[in-house]
Amino acid sequence: MKNLFTLCACAFLTFTLSAQSEQAAGSYYLGTGDATTIMNVFSTGVMMSPTIGYAVIDDLVVSGSLNGLTDDLNLNLNVRYFYNGVFFQAGADDVAGDMSISLGAGKYFQLNALNDRLYVDPQINYNLDTGFNTMIGFGARF
């Protein structure tokens, strides 16, 4: 009877450990806007938009990016909700200028082979002003 209880307790703990959220509250995210531009480092130069994010609650990340020339900076803010490795996002692009709304979805991949903190997130977005675009984000989670 004692062995049966121990087996059931271990099985229960296994299921509770696998049900933890992917993006834990309190995590910080530092990344680039589009990792595909890194390939152009020697030809046309790299246009990166650094992003910073924070998981306010489990699986809900608020992030922002500041990019552009010093006399014409763009502030972009967005919110991502993660569900089973897929995220859905809504954002406001160029908040200080001609603001537009964007919606998107993507997949979060953790690069365990290199470091468990690195990630890539290919995504497709729809901006109400400019239409569809695709990008691949690259960054680190702390």
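About the cut-offs
- Residues numbered from 1 in each chain as written.
- Predicted model: local features only at pLDDT ≥ 70, side-chain atom pairs only at ≥ 80, totals over all residues.
- Heavy atoms only, no water.
- Phe/Tyr/Trp six-rings, centres within 6.5 Å; stacked < 30°, edge-to-face > 60°.
- Helix = DSSP H or I, 4+ residues; strand = E, 2+ residues; numbered from the N terminus.
- Lys NZ or Arg CZ within 6 Å of the ring centre and 35° of its normal.
- Core = buried A, V, L, I, M, F, W, Y, C linked by side-chain atoms within 4.5 Å.
- Buried < 20%, exposed > 50% of the residue type's maximum accessible area, 1.4 Å probe, protein only.
- Contact = heavy atoms within 4.5 Å.
- Pairing = 2+ DSSP bridges.
- Patch = residues over 30% accessible without salt bridge, like charges linked within 9 Å, V, L, I, M, F, W, Y side chains within 5 Å.
- Areas by Shrake-Rupley, 256 points an atom, 1.4 Å probe, with all protein chains shown as cover.
- Salt bridge = Lys/Arg side-chain N within 4 Å of Asp/Glu carboxyl O.
- pLDDT = per-residue confidence, 0-100.

Brief notes about the packing of aromatic side chains
(1) Moving on: Under the definition given, this model contains 6 aromatic pairs.
(2) Moving on: Ring geometry for Y108 against Y119: centres 5.2 Å apart, planes inclined by 25°, an arrangement best described as stacked. Of this pair, Y108 sits in the loop between strand 6 (100–107) and strand 7 (109–110) while Y119 sits in strand 8 (residues 118–127); the two residues are 11 residues apart in sequence, bridging distant segments of the chain.
(3) Moving on: Three or more aromatic residues joined by ring pairs make a cluster, and in this case those are Y29, F82, F87, Y108 and Y119.
(4) Moving on: Lying over the aromatic face of F87, R80 brings its terminal NZ or CZ to 4.0 Å of the ring centre.
(5) Moving on: Above the plane of the ring of F109 lies K107, whose end atom (NZ or CZ) is 5.5 Å from the centre.

Re the nonpolar core
One broad trend across soluble globular proteins is that nonpolar side chains are buried collectively.
(1) Moving on: Counting residues in each nonpolar core, the largest one holds 7 residues, listed as Y29, A55, V61, F82, F87, Y108 and Y119.
(2) Moving on: Not counting chain neighbours up to four residues away, the residues in contact with Y29 comprise Q23, T51, I52, G53, Y54, A55, V61, Y108, Y119, A140 and R141.

Things to note about the pairing of strand 2 (residues 51–57)
(1) Moving on: Across 4 bridges, the pairing between strand 1 (residues 28–32) and strand 2 is antiparallel. The partner of L30 across the bridge, within strand 2, is I52.
(2) Moving on: By the bridge criterion, 6 bridges tie strand 2 to strand 3 (residues 60–69) in an arrangement that is antiparallel. Within strand 3, the position partnered with T51 by the bridge is S65.
(3) Moving on: Hairpin connection, strand 2 to strand 3: the antiparallel pair is bridged by 2 residues, and D59 has positive phi, about 65°.

A few points about the environment of A55
(1) Moving on: Looking at the element boundaries, A55 is found in strand 2.
(2) Moving on: In contact with A55, not counting residues within four places along its chain, are Q23, A24, A25, G26, S27, Y29, L60 and V61.

Structural notes on a nonpolar patch on the surface
(1) Moving on: Residues L66, L73, L75, L77, V95, M99, I101, L103, I124, Y126, L128 and F132 make up a contiguous nonpolar surface patch of roughly 1100 Å² in combined accessible area.
(2) Moving on: Listed by contribution, the elements that provide at least two residues to the nonpolar patch are strand 4 (72–83), strand 6 and strand 8.
(3) Moving on: Looking at the nonpolar patch element by element, the count peaks at 3 residues for strand 4.
(4) Moving on: Take L75: it is sitting in strand 4.

Re the confidence of the model for the protein chain
(1) Moving on: Residues with a pLDDT of 70 or more make up 74% of the protein chain, whose mean pLDDT is 79.
(2) Moving on: Counted against residues more than four places away or in other chains, residues 1–20, with its pLDDT under 50, gives 0 contacts.

Topic: the pattern of salt bridges
(1) Moving on: Inspection of every chain in the model, using the stated rule, returns 1 salt bridge.
(2) Moving on: One salt bridge in this structure joins R80 and D121, with 2.6 Å as the shortest N-O distance. You can see R80 sitting in strand 4 and its partner D121 sitting in strand 8, a full 41 residues away along the chain. Across the pair, exposure class does not vary: R80 and D121 are buried alike.

Overview of the pairing of strand 3
(1) Moving on: With 10 bridges joining them, strand 3 and strand 4 adopt antiparallel strand pairing. Of the residues in strand 4, the one forming a bridge with N67 is N74.
(2) Moving on: Here strand 3 folds back onto strand 4 in antiparallel fashion, the turn holding 2 residues.

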